[in-house]
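Here is what each chain is made of, one letter per residue.
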Amino acid sequence: MWHRFVLNHGKMNNNPAGASSKARVGSSQPSETSFKCKRGVFQKDLQHMMYGFGDDPNPLPETVALVEDIVVEYVTDMVHKAQDIASKRGKLLTEDFLFLIRKDLPKLNRCTELLSMNEELKQARKAFDVDEEKLASAE
């Protein structure tokens with residue numbers, strides 16, 4: 001059912017990626033054709049995610065392609081905005097992305113949660129590697 005809404009939404013707007021997908025003049029944003037080169041990379045993952053959020057186990061390929069276009073456009077746009085912020089400093093940091101989503105509290109909270117979990121996993125792996133080295137040297 002959700003995929004029909006997405007398809008209808010895509011048909012109302014002839015450009016499924018939306019009006020903001022046009023490359024900005026003077027920017028390093030790639031053209032729309034460069035998005036199409038990598039089409040299909042995320043399709044399996046998106047199908048599983050769509051099913052997890054209540055869609056059909058096998059959504060229409062057109063729906064998956066449209067969702068993929070939307071996701072790729074969003075991520076690309078966020079990266080370009082973060083690069084614009086980081087250009088003064090010369091280095092792209094995680095904080096640049098957090099700054100961009102600072103007003104969207106659910107996204108910000110989820111990102112900080114994932115970043116802290118990632119840090120915990122790194123520390124656990126490091127501790128595991130140290131313990132493994134001690135065991136190897138003791139034998």
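Below or above, wherever it landed, is the structure these notes cover. (Residues numbered from 1 in each chain as written. Predicted model: local features only at pLDDT ≥ 70, side-chain atom pairs only at ≥ 80, totals over all residues. Heavy atoms only, no water.)

Points about the pattern of salt bridges
Just so we agree on the cut-off: Every case where a carboxyl oxygen of Asp or Glu lies within 4 Å of a side-chain nitrogen of Lys or Arg is listed as a salt bridge. Throughout, exposure labels follow a simple rule: accessible area from a 1.4 Å probe, protein chains only, divided by the maximum for the residue type, with under 20% read as buried, over 50% as exposed, and the rest as partly exposed.
Within the structure shown, the criterion is met by four salt bridges. Notably, a salt bridge pairs R89 with D96, separated by 2.5 Å at the nearest N-O pair. Using a relative accessible area of 46% as the deciding quantity, one classes R89 as partly exposed. Where D104 meets K107, a salt bridge forms, and the shortest distance between an N and an O atom there is 3.3 Å. K107 sits in the partly exposed class, given a relative accessible area of 36%.

With respect to a negative patch on the surface
Operational definition: Residues qualify for a patch when their relative accessible area is over 30% and they have no salt bridge, like charges being joined within 9 Å and the nonpolar side chains of Val, Leu, Ile, Met, Phe, Trp and Tyr within 5 Å. Here, Shrake-Rupley sampling with a 1.4 Å probe gives the accessible areas, and only protein chains in the shown set may cover a residue. Charge convention: Lys and Arg are scored as positive, Asp and Glu as negative, and His as well as the terminal groups of each chain are ignored. For the purpose of locating charges, the reference atoms are NZ of Lys, CZ of Arg, CG of Asp and CD of Glu. The helix and strand labels rest on DSSP assignments: H or I over at least four residues marks a helix, E over at least two residues marks a strand, and numbering proceeds from the N terminus.
Judged by side-chain charge, D129, D131, E132 and E133 come together as a negatively charged surface patch. Residue position: E132 is located in helix α6 (residues 105-138).

Here we look at the packing of aromatic side chains
We describe a pair of aromatic rings using the distance from one ring centre to the other and the angle between the two ring planes. Quick reminder of the rule: Aromatic rings from Phe, Tyr and Trp, with only the six-membered ring used for Trp, were paired whenever their centres fell within 6.5 Å, and each pair was classed as stacked if the ring planes differed by under 30 degrees, edge-to-face if by over 60, and tilted otherwise. Throughout this description, the term charge over a ring refers to an Arg CZ or Lys NZ atom that lies within 6 Å of the ring centre and within 35 degrees of the ring normal.
If you walk through the whole model with that rule in mind, you get zero aromatic pairs. A cation sits over an aromatic face here: R102 above F99, 3.9 Å from the ring centre.

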